[in-house]
Amino acid sequence: KTRALLAALNALTWLAGVLPRYPHAEVLCRVGGLVWYAAAPSARAAVRDNLRHVLHRQPTALEVARVFQSGAFNYWDTFAISHIDSSQMTSLVDFVGLEHLAAALTHGKGAIVASAHLGSVAFVGQIMPALGYQTTGVLEPIEPPELYDFFARQRQANGIRLNRSNGGPLPPDA
């Protein structure tokens, strides 16, 4: 089962390198998100409950399904990381306030940067190394370990260093 999942993830990573996000991957992610929505009743119930708290009303089925579609886009972006260079990465983002980071770094102690969760956390995390900043991120535990290693490799593809959220750095080749 794990081998089949890893083969599928590697195939999607390859596909993310050859298939443009718009319009082709967008269609794939929208359809994939709907399949995920239909195939995951417990996740669907959890999303519905989360949205109910945020919206202060019962969400529509379409609102719940869109969360799964957004999740599919987030995974696609994670698959695409290793195919995007620094100049492509920086062309995708508008930067505001980098002068504050530069000022904080003049003290020689590093800086903690926080951002809104806009898009794929794994993808957006690649912005700082693309700008030339040494960056360390956190990767949550994922089971099985082979799946954890896959996502660690994806997230480290452009120079970000990762620490395990339960302690300790990941090896550079993880």
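Residues numbered from 1 in each chain as written. Predicted model: local features only at pLDDT ≥ 70, side-chain atom pairs only at ≥ 80, totals over all residues. Heavy atoms only, no water.

## A closer look at the packing of aromatic side chains
So, step 1. If you walk through the whole model with that rule in mind, you get seven aromatic pairs.
So, step 2. Each ring, one from Y37 and one from F68, has its centre 5.8 Å from the other, and the planes form 75°; the classification is edge-to-face. One end of the pair, Y37, is in helix α2 (residues 21–39); the other, F68, is in helix α4 (residues 61–80), with 31 residues separating them in the sequence. No difference in accessibility class separates Y37 from F68, as the two residues are buried.
So, step 3. When the centroid spacing of 5.0 Å and the interplanar angle of 85° are considered together, the rings of F150 and F151 count as edge-to-face. Across the pair, F151 and F150 agree in class, each one buried.
So, step 4. A network of ring pairs unites the aromatic residues W36, Y37, F68, Y75, F79, F150 and F151 as a single cluster. (Phe/Tyr/Trp six-rings, centres within 6.5 Å; stacked < 30°, edge-to-face > 60°. Helix = DSSP H or I, 4+ residues; strand = E, 2+ residues; numbered from the N terminus. Buried < 20%, exposed > 50% of the residue type's maximum accessible area, 1.4 Å probe, protein only.)

## What to know about α4
So, step 1. Between its terminal C-alpha atoms α4 stretches 29 Å, which fits the 28 Å expected from 20 residues at 1.5 Å a residue.
So, step 2. All of the buried residues in α4 are V64, A65, F68, Q69, G71, A72, F73, W76, D77, T78, F79 and A80.
So, step 3. In this structure, the buried residues of α4 make contact with α1 (2–18), α2, α3 (41–55), α7 (121–124) and α9 (145–155). (Expected span 1.5 Å × (residues − 1). Contact = heavy atoms within 4.5 Å.)

## Focus: the nonpolar core
So, step 1. Residues L9, M89, L139, I142, L147, F150 and F151 are the most contacted members of the largest nonpolar core, which totals 25 residues.
So, step 2. If you list the elements that add at least two residues to this core, you get α1, α2, α4, α7, α8 (127–130) and α9.
So, step 3. By size, the runner-up hydrophobic cluster in this structure holds six residues, among which are Y37, L51, V64 and A65. (Core = buried A, V, L, I, M, F, W, Y, C linked by side-chain atoms within 4.5 Å.)

## Some words on the packing of α1 against α4
So, step 1. Across the interface, α1 lies against α4 with an axial gap of 8 Å and an inter-helix angle of 75°. By the angle class used here, α1 and α4 are roughly perpendicular. When α1 is examined against α4, the residues L9, L12, T13, L15 and A16 are found in contact with a partner set consisting of W76, F79 and A80.
So, step 2. Class assignment of the residues belonging to the contact of α1 with α4 gives a composition of seven nonpolar, one polar and no charged. (Axes fitted to C-alpha atoms, helices over the stretch in contact; angles between N-to-C directions. Parallel < 35°, antiparallel > 145°, perpendicular 65-115°, else oblique. Nonpolar A, V, L, I, M, F, W, Y, C, P; charged D, E, K, R; others polar.)

Taken by themselves, the reported measurements are silent on function.
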